[in-house]
Amino acid sequence: LLTPALWALGRRDVAPGQVVGLSAFCAALGFAFMVLEVVLMQSFTRLVGEPGWALVAVLAPLLVASGLGSFYLAGRRGLSARSGAAMAAVASALVALILPRVIDAAAPLTFALRLTIGLTVALLVGVPLGVPFAAVLQRLHERELVAWAWAVNAVAAVAGSLGALVLSSAWGLG
């Protein structure tokens, strides 16, 4: 799928090392974002009790918050991709550690409160998730590399959704 784009990049004056490093970083971001999204949807199903509401409680706030993180932290504040990736990793690790306890504690609460908790968690983790990819795109000067970054990120995101489902099934989480 990516071979024609890689071939076209090879015909331009783009250093192979730059393409490899960019590809690895953008692939890791796309894969990790999607894995986190799927894990949150599965966890939020336990939190709110309905898969449809879990989907809403994850997708809407996660995408809005990552857009805000892209705009403000990467765009206005100029955070680097490395700083953004570190922030996203810390936020994801905190969610992984805290969310199971939050879900258990929220069990007796009303649906509206559980949904509000889910929305809040997704908003908080989403802001740093939007930083790394936007920061990378800002620093790319060749149009071909911007297109390449999007392509690699998108393919890895699709692989991440499938990978998350396979791993969660293999580990008995799904």
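Scroll up to find the structure.
Here the structure is a predicted model, which means the values were calculated and not measured.

Caption draft 1: Expanded view of the pattern of salt bridges. Inspection of the entire model under this criterion finds one salt bridge. A salt bridge links R46 to D104; the shortest N-O distance between them is 3.0 Å. Residue R46 is found in helix 2 (residues 16–48), and its partner D104 is found in helix 4 (residues 81–106); the two are separated by 58 residues along the sequence.

Caption draft 2: Region of interest: the environment of G118. The residue G118 is located in helix 5 (residues 111–129) in this model. In this structure, the C-alpha to C-alpha distance between G118 and V102, residues 16 residues apart in sequence, is 9.5 Å. With sequence-adjacent residues up to four places away left out, G118 is seen in contact with F44, L47 and A57.

Caption draft 3: Broad picture of the nonpolar core. Membership of the largest hydrophobic core comes to 22 residues, with the highest contact counts inside it found for L40, F44, L62, L99 and V125. Of all elements in the fold, only helix 2, helix 3 (51–76), helix 4 and helix 5 reach the threshold of two or more residues within this core. Those residues within four positions of F44 in sequence are excluded, and the remaining contacts are G49, A54, A57, V58, L99, G118, V121 and A122. With 18 residues, the next largest nonpolar core counts L22, F133, A134 and V136 among its residues.

Caption draft 4: Layout of the layout of surface pockets. The space that makes up the largest pocket amounts to roughly 540 Å³. Lining the largest pocket are 25 residues, with L29, G30, A32, F33 and L129 positioned closest to its centre. Secondary-structure elements contributing two or more residues to the lining of the largest pocket are helix 2, helix 3, helix 4, helix 6 (131–139) and helix 7 (143–170). The dominant element in the lining of the largest pocket, judged by the number of residues it contributes, is helix 2, at nine residues.

What counts as what
Residues numbered from 1 in each chain as written. Predicted model: local features only at pLDDT ≥ 70, side-chain atom pairs only at ≥ 80, totals over all residues. Heavy atoms only, no water. Salt bridge = Lys/Arg side-chain N within 4 Å of Asp/Glu carboxyl O. Helix = DSSP H or I, 4+ residues; strand = E, 2+ residues; numbered from the N terminus. Contact = heavy atoms within 4.5 Å. Core = buried A, V, L, I, M, F, W, Y, C linked by side-chain atoms within 4.5 Å. Buried < 20%, exposed > 50% of the residue type's maximum accessible area, 1.4 Å probe, protein only. 1 Å grid on protein atoms, 1.4 Å probe; cavity = no way out; pocket = protein on both sides within 12 Å on 5 of 7 lines; lining within 4 Å. Points joined across faces, edges and corners; volume = space filled by probe spheres on them.

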